[in-house]
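Fold and contact review
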Amino acid sequence: MGKKKLVMIGNGMAGMRAIEEIIAAAPDMFDITIFGAERWPNYNRIMLSPVLAGDTTIEDIILNDEEWYRSHGITLHLGSKVVELNRSRKLVRAENGVEAEYDNLIIATGSKPFIIPIPGHDKQGVMGFRDIEDCETMMEAAKRYKKAAVIGGGLLGLEAAKGLMNLGMDVTVIHDQATLMNMQLDEVAGEMLRDALERQGMKFRVSTLTTEILGGERVEGLRFKDGGELECDLLVMAAGIRPNIELAEQSGLYCNRGIVVTDHMQTVTDPAVYAVGECVEHRGKTYGLVAPLYEQAKVLAYQITGQGLRRYEGSVTSTKLKVSGVDVFSAGDFMGGPGADVVELLDRHGGVYKKLVLEDDRIKGVVMFGDTADGPTFFQWMQDGKDISDMRSTLLFSASGLGDSGHSGVDQAAQMADDTIVCGCNGVSKKQIVDAIVKEGLTSRKEVTACTKAAGSCGGCAGLVDQILAATLGTAFVESTEDPMCGCTDMTHEQVKEQIRQKHLLSVREVMRTLGWEGEGCHVCRPAINYYVGMLFPGEAEDDRTSRIANERMHANIQKDGTFSVIPRIYGGETTPDDLIRIATIAKKYNVPTVKITGGQRIDLLGVKKEDLIPMWRDLDMPSGFAYGKALRTVKTCVGSEWCRFGTQDSTSMGIRLEKELERMWFPAKVKLAVSGCPRNCAEATIKDLGVVGVEGGWEIYVGGNGGVKVRACDLLCIVETDEEVMEITKAYLQHYRETGRHNERTAPWLERIGLDKVKQAVVEDVENRKALAARCDAYLATLTTDPWQERIEQAERFKEYEPIEIPVRVEA
Amino acid sequence: MSDWIEVCKLDEIPKGAGRTVRTADAVIALFRLSDDSVRAVENRCPHKGGPLAEGIVSGRDVLCPLHNQRIHLDTGEVAPPDSGCVRVFETRIEDDRVLLRVGA
Ligand code: SRM
Ligand SMILES: Cc1cc2nc3c(=O)[nH]c(=O)nc-3n(C[C@H](O)[C@H](O)[C@H](O)COP(=O)(O)OP(=O)(O)OC[C@H]3O[C@@H](n4cnc5c(N)ncnc54)[C@H](O)[C@@H]3O)c2cc1C
Ligand code: SF4
Ligand code: FES
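Below or above, wherever it landed, is the structure these notes cover. (Residues numbered from 1 in each chain as written. Chains lettered and ligands numbered in written order. Predicted model: local features only at pLDDT ≥ 70, side-chain atom pairs only at ≥ 80, totals over all residues. Heavy atoms only, no water.)

Topic: the overall build of chain B
Broken down by element type, chain B carries 0 helices and 10 strands. Helices (α) and strands (β) of chain B occur, in sequence order from the N terminus, as β-β-β-β-β-β-β-β-β-β. The long-range fraction of contacts in chain B, counting pairs at least 24 apart against all pairs at least 6 apart in sequence, stands at 40%. Of the roughly 4300 Å² of accessible surface on chain B, a fraction of 44% belongs to carbon and sulfur atoms. (Helix = DSSP H or I, 4+ residues; strand = E, 2+ residues; numbered from the N terminus. Contact = heavy atoms within 4.5 Å. Areas by Shrake-Rupley, 256 points an atom, 1.4 Å probe, with all protein chains shown as cover.)

Below, the structure written as structure tokens:
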């Protein structure tokens, strides 16, 4: 069977994202032809503002160059505006005569700037701000003219105005409302924004309607409703956008404001025709920001490549303004009607304003000015419907509240002394980062990490690095939400996982070969791929030992002096005199320099030589505690009802049972459990990846806690009555994490990413799904039959690398 | 005068991984790369002395197991942004035997 023909009209951000997703999912399914009216390959339209402001160049914002299209076998017609769409013949034709037939069509024509039809709007020098050409026109104009006016004090208008100012023009913004960015800001924030921009030299006329554009052939000025006038020789209209639906309408596709599509991104009129991006209307809404359009693109790709059902259900969006020195964040219903429950913090002098609109202790809207570091956190909580009742009084001081780990306020980065260490793991100072950014021209965290190592280890300083980037670069910095896995590939974790699943790839090498890896991979991607193949095809995939970090390969933690530590399992932290005697005897026999009780209720033998590991394990004859792996670590317990006068449940037995059933499991990151016998919670179960707390007549199950770099208390998942239910829900929860977690992502950030409600739905409420997950977990557990230490004792010849080779001669370098 | 000495058989080094070799005056990390060639460098990372033999091998580089500095096995040089250098030893493969050049 030949390939299907896929044609796309529009070579912009949403459309090309869809094409990328399609190619990633099904590289050989379609012959792809793309028509773009502009003469450029697709570029990052968002960055036009920084281009205009002179902070970056057009070359730097190209997303895929023409070579990329060629290498993916895509036929690209640039400067080819499609003027005819014949659905009965399944044919499109461009102005320049180029034609293409399709089996499937994607319309991704974006939108057009809305030019207000006031008298004089067709004069020279009146323009919108949408594409590279507009940008070039403005840059040219700035060389010859001095006075610019911008109609529209929204996001786009202000970014345009700032750019023109940077080009040396005298700029006045005319806004018909009293508040700037009134779609995103309330009065207070709007006023602060205006103050800040005025201080940068921008001029304003608010609550002002323009009635006429004056001049001869070219614009010379504006007249307002109140009789006032303003001289200008360039006028940018940024008064909104209109979905570009001309072609769709002509061809009889049902359009309202935009081209109406289903949840699968197909037009409601013709299932062979899809639409995506700003030209689309979905459930009555159109979108003008890329985040929701990328979601649409993903769903479209899913649907068109026949991967199954996935719905686009609409998006909630948040806004940031890309003007340097001015931080604005807004999302949701930020106004709050009369009588709304509002928490706010206002420091006019310091230029900080934060307001949360609440309903039933849940965030409904956010508006922030000055210090916007917590914006994304609040936005996440808003989407998750997180109950914030016990944080109300401190919330606005810092939600992510991490002090030196750097999530609190852009000002922090700006005020920080040059020699302050930003990345504690790699000892990188602020100055080193700033120097690297300036000298090497870095624009993303990934580049900073590659160049300086900052944020390359625990990631605790990632927020701070972003802030330094933002403070150093101003507008040129765009936070990336979906970074590729590492420098060896362009694919995200999800894409790699999906490809492994679809193509049934069973080893690290096969994955790297099939998915076009650069080089032989690194310490980030290889362990991740090794995990994904093992997770997706347990018992079938090949575990690649050379793709595991030293700790996991050796089944012992490497120490700073190159020796190792040995931590055997002590189930639930309960031991016996015999076991203690054996451990003590062996510690003496092998001259173990340090014997330590760990924070995980067991014993650590530190400073063991590599060649002593296997003999020591043999003598110990205890299972490995997996203290070195992205695996099940400890299950901490308290004494519980067996002894404790308050105990309501036998937490020790429950903990031991959990540890015995779940040991040897591998996860995206380490997993720690705990069981307490009553709500006094002596086992600290509410800061574990999963914690169980005994209550009268049952157990509470808590999830998503972390006691490490960024402390997070658990959320309550559910309350159950029996031990069996604890086991089943624990297995379902852990399996869900195994399947959807990104490698190296612990359950706390995972839970915040997925959302508590969705996880609850998947592992508690949807009983069928819960049972299916638990069954998959059991099936996986059934493949974990051997203890790794035992395996090495029994098959020492397969593990020669533990033995050093001795050649008692002198060598020459 | 220098000479070659047999260290081990090629298949005694796991493919794509390293082994520790102790000599009279140095500890060496001996690697078998994915193309079955071998490399030998001093088993001490220039950063903080990490045992390179336990690192992940990627192409012609090894990533130190302690803090992931990347050491090029042909030259012994540490890849930027880090810097430093480890001693490199000459190796040779004859049939299935791995040979190391030794001093007098
Ligand atoms: C031995 C122990 C310290 C002790 O002497 O008590 C320990 C030792 C290490 N911890 Fe830990 N952690 C130990 C309990 C903990 C705990 C407490 C607990 O588990 O109840 C925590 C906080 C709880 C948590 O994880 O939520 C803890 C949070 C960390 C973190 C931060 C993790 C995070 O997600 O934020 C790291 C760094 C990492 O994993 O990247 C870490 C990393 C390490 C490493 C593996 C550092 C490394 O990569 O070499 C240390 C290995 C030393 C070794 O060879 O033994 N260790 N570590 C504890 C071993 C427990 C055990 O029996 O297995
Ligand atoms: C200056 C500026 C700053 C912005 N800043 C942000 C921001 O900070 N954050 C954010 O999320 N969003 C921002 N946006 C919005 C974002 O760029 C758009 O939401 C996004 O580009 C829309 O993608 P799209 O594919 O739907 O449309 P587009 O990217 O506009 O692509 C549509 C393409 O189709 C082509 N086309 C149209 N009709 C035809 C035809 N008949 N034949 C052939 N080709 C055709 C057009 O020429 C265009 O290239 C900004 C936009 C601008 C202009
Ligand atoms: S806190 Fe953990 S990682 Fe840090 S020094 Fe102690 S054991 Fe090592
Ligand atoms: S000791 Fe090798 S990287 Fe630190």
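Quick word on the overall build of chain A
Regarding its fold elements, chain A presents 26 helices and 37 strands. Residue burial in chain A is summarised as follows: out of 813 residues, 54% are buried. Across chain A, the fraction of contacts at a sequence separation of at least 24, relative to all contacts at a separation of at least 6, is 62%. Accessible area of chain A: about 34900 Å², with a carbon and sulfur share of 48%. (Buried < 20%, exposed > 50% of the residue type's maximum accessible area, 1.4 Å probe, protein only.)

Observations concerning the interface of chain A and chain B
Contact with chain A, which involves 37 residues of that partner, is made by 46 residues of chain B. Around 3400 Å² of area is buried between chain A and chain B when both sides are counted, 54% of it from carbon and sulfur atoms. A salt bridge links Lys 610 of chain A to Glu 54 of chain B; the shortest N-O distance between them is 2.7 Å. Run the count over chain A and chain B and you get 16 residue pairs in polar contact (both at pLDDT 80 or more). Secondary structure elements with two or more residues in the side of chain A that touches chain B: helix 13 (445-452), helix 17 (525-536), helix 18 (550-554) and strand 37 (805-807) of chain A. Its residues assigned to classes, the side of chain A that touches chain B comprises 16 nonpolar, 7 polar and 14 charged. As judged from the 3 bridges shared by strand 37 of chain A and strand 2 (residues 17-23) of chain B, these two strands associate in the parallel manner. Looking at the pairing, Ile 807 of chain A lines up with Thr 23 of chain B of strand 2 of chain B. (Buried area = accessible area lost by both parts, 1.4 Å probe. Salt bridge = Lys/Arg side-chain N within 4 Å of Asp/Glu carboxyl O. Polar contact = N/O pair within 3.5 Å; in protein donor to acceptor, adjacent residues only side chain to side chain. Nonpolar A, V, L, I, M, F, W, Y, C, P; charged D, E, K, R; others polar. Pairing = 2+ DSSP bridges.)

Here's the deal with the packing of aromatic side chains
Residues and elements named next belong to chain A. Overall, the coordinates contain 11 aromatic pairs over all chains when judged by the stated rule. Taking 6.3 Å as the distance between ring centres and 80° as the angle between the ring planes, the aromatic pair formed by Tyr 287 and Tyr 312 counts as edge-to-face. Separated by 25 residues along the polypeptide, Tyr 287 in the loop between strand 20 (280-282) and helix 9 (290-304) and Tyr 312 in the loop between helix 9 and strand 21 (318-320) bring together distant segments of the chain. Classification of Tyr 312 by relative accessible area gives buried; the value is 2%. When the centroid spacing of 6.1 Å and the interplanar angle of 20° are considered together, the rings of Phe 667 and Tyr 737 count as stacked. With Phe 667 in the loop between helix 21 (651-662) and strand 33 (671-676) and Tyr 737 in helix 22 (residues 723-740), the pair connects residues that are 70 residues apart, well separated along the chain. Side by side, Phe 667 and Tyr 737 carry an identical accessibility label, which is buried. Taken together, the ring pairs connect Phe 667, Tyr 733, Tyr 737 and Trp 750 into an aromatic cluster. (Phe/Tyr/Trp six-rings, centres within 6.5 Å; stacked < 30°, edge-to-face > 60°.)

Things to note about the sheet that holds strand 14 (residues 219-224) of chain A
Residues and elements named next belong to chain A. One open sheet accounts for 3 strands, arranged 13-14-15; its pairing is antiparallel. Bordering the open sheet on either side are strand 13 (210-215) and strand 15 (229-231), each of which pairs with just one other strand. If you compare each strand with its neighbour and ignore which way they point, the axes differ by 25° on average. (Axes fitted to C-alpha atoms, helices over the stretch in contact; angles between N-to-C directions.)

Some thoughts on the packing of helix 12 (residues 430-440) of chain A against helix 14 (residues 462-473) of chain A
Residues and elements named next belong to chain A. Where helix 12 meets helix 14, the axes come as close as 10 Å, and the angle between the chain directions of the two elements is 50°. Taken together, helix 12 and helix 14 sit at an angle that is classed as oblique. Relative to helix 14, the crossing made by helix 12 is right-handed. Where helix 12 approaches helix 14, its residues Lys 430, Ile 433, Val 434, Ile 437 and Val 438 are matched on the opposing element by Val 465, Ile 468, Leu 469, Thr 472 and Leu 473. Considering only residue class, the contact of helix 12 with helix 14 consists of 8 nonpolar, 1 polar and 1 charged. (Parallel < 35°, antiparallel > 145°, perpendicular 65-115°, else oblique. Left-handed = near helix turned anticlockwise from the far one by under 90°.)

A look at the environment of Gly 79 of chain A
Residues and elements named next belong to chain A. Take Gly 79: it is sitting in the loop between strand 3 (75-78) and strand 4 (82-86). We classify Gly 79 as partly exposed; its relative accessible area is 41%. Look past the residues within four positions of Gly 79 in its chain and what remains in contact with it is Gly 36, Ala 37, Glu 38, Arg 39 and Asn 96.

Focus: the site of ligand 1
Residue and element names in this part refer to chain A. As a matter of local geometry, ligand 1 sits amid 20 residues, with Gln 559, Gly 599, Arg 602, Lys 670 and Arg 746 nearest to it. Here an oxygen atom of ligand 1 sits 3.0 Å away from a polar atom, N or O, in the side chain of Asn 706. One of the backbone N or O atoms of Gly 707 is found 2.7 Å from an oxygen atom in ligand 1. Among the residues making up the shell around ligand 1, the classes are represented as 2 nonpolar, 10 polar and 8 charged. (Near = heavy atom within 4 Å.)

Comments concerning the state of the cysteines
All names here are of chain A. As enumerated under the stated definition, the model contains 0 disulfides over all chains in all. Here Cys 255 is not disulfide-linked; the sulfur of Cys 279 is the nearest cysteine sulfur, at 8.8 Å. Assessed through its relative accessible area of 13%, Cys 255 is described here as buried. A disulfide-free cysteine, Cys 522 has its sulfur positioned 3.8 Å from the sulfur of Cys 486, the nearest such atom. We classify Cys 522 as buried; its relative accessible area is 8%. (Disulfide = S-S within 2.5 Å.)

A few points about the pairing of strand 4 (residues 38-42) of chain B
Residues and elements named next belong to chain B. In terms of burial, strand 4 is a largely internal element, 4 of the 5 residues being buried. Counted between consecutive antiparallel strands, the loop separating strand 3 (residues 27-32) from strand 4 contains 5 residues, among which Asp 36 sits at a positive phi close to 70°. With 2 bridges connecting them, strand 4 and strand 8 (residues 88-89) associate as antiparallel partners. Looking at the pairing, Ala 40 lines up with Phe 89 of strand 8.

Observations concerning the environment of Leu 63 of chain A
Checked against the element boundaries, Leu 63 of chain A lands in the loop between helix 3 (58-61) and helix 4 (66-71). Apart from the residues within four sequence positions on either side, Leu 63 of chain A is in contact with Asn 42, Tyr 43 and Asn 44 of chain A.

Quick word on unusual backbone geometry
Of the consecutive residues Pro 80 of chain B and Pro 81 of chain B, the connecting peptide bond is found in the cis state with omega at 10°. Along the polypeptide, Pro 81 of chain B turns up in the loop between strand 7 (70-72) and strand 8.

With respect to the packing of helix 22 of chain A against helix 24 (residues 756-765) of chain A
Residues and elements named next belong to chain A. Where helix 22 meets helix 24, the axes come as close as 9 Å, and the angle between the chain directions of the two elements is 135°. Considering the angle they form, helix 22 stands oblique to helix 24. The interaxial crossing formed by helix 22 with helix 24 has right-handed handedness. Between helix 22, through Ile 729, Ala 732, Tyr 733 and His 736, and helix 24, the contact on the second element is made entirely by Val 759, Ala 762 and Val 763. Residues of the contact of helix 22 with helix 24, tallied by class, amount to 6 nonpolar, 1 polar and no charged.

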